[in-house]
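In case you want the letters, here they are:
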Amino acid sequence: MATSFQNTEAAEELGIRALGYIAAEPELLNRFLALTGIEAAAIRQAALQPGFLAGVLHFIAAHEPTLMAFSQVERIPPEEILKAMRALPLGSDDYEQST
């Protein structure tokens, strides 16, 4: 797949596919729900919030085995998933440093 995930639309599409990937794997879904505090019935509503899809991709990227498996399913390099995350609202992986 030769898609550039530096634009928001392509990044959103990948985020939606990532959410589908998580939903199809009961163990991942349970971990996602536990870490985010979102109830399964509230996912659709949560998905409307800015930053949700970036959070989904961050969840994928934060666990290397999950990142590698999703990367293989999507046939894209893992670093493209990170590019997609950064292209989404609130998807920056920059952290403020305390002074």
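Residues numbered from 1 in each chain as written. Predicted model: local features only at pLDDT ≥ 70, side-chain atom pairs only at ≥ 80, totals over all residues. Heavy atoms only, no water.

(A) Here's a closer look at the packing of aromatic side chains. Scanning the entire structure with this criterion turns up three aromatic pairs. Feature note: the residues Phe-32, Phe-52 and Phe-59 constitute an aromatic cluster, connected by ring pairs. (Phe/Tyr/Trp six-rings, centres within 6.5 Å; stacked < 30°, edge-to-face > 60°.)

(B) How the structure looks around helix α2 (residues 26-36). All buried positions along α2 are accounted for by Leu-28, Phe-32 and Leu-33. Taken down its axis, α2 places every buried residue within 130 degrees of arc, on the same side. Away from the buried face of α2 by more than 90 degrees, exposed residues Pro-26, Glu-27, Asn-30 and Ala-34 are located. Elements in contact with the buried residues of α2: α1 (8-24), α3 (43-46), α4 (52-61) and α5 (64-74). The positive-phi residue at the C-terminal boundary of α2 is Gly-37, with phi of around 80 degrees. (Buried < 20%, exposed > 50% of the residue type's maximum accessible area, 1.4 Å probe, protein only. Helix = DSSP H or I, 4+ residues; strand = E, 2+ residues; numbered from the N terminus. Arc of directions from axis to C-beta. Contact = heavy atoms within 4.5 Å.)

(C) Structural detail: the packing of α2 against α4. Relative orientation of the contacting elements α2 and α4 amounts to 120 degrees, with a least axis distance of 11 Å. Overall, the two elements α2 and α4 adopt an arrangement that is oblique. Of the two possible hands of crossing, α2 and α4 adopt the one that is right-handed. Residue-level contacts link Leu-28, Arg-31, Phe-32 and Leu-35 of α2 to Phe-52, Val-56 and Phe-59 of α4. Residue classes in the contact of α2 with α4 are distributed as six nonpolar, no polar and one charged. (Axes fitted to C-alpha atoms, helices over the stretch in contact; angles between N-to-C directions. Parallel < 35°, antiparallel > 145°, perpendicular 65-115°, else oblique. Left-handed = near helix turned anticlockwise from the far one by under 90°. Nonpolar A, V, L, I, M, F, W, Y, C, P; charged D, E, K, R; others polar.)

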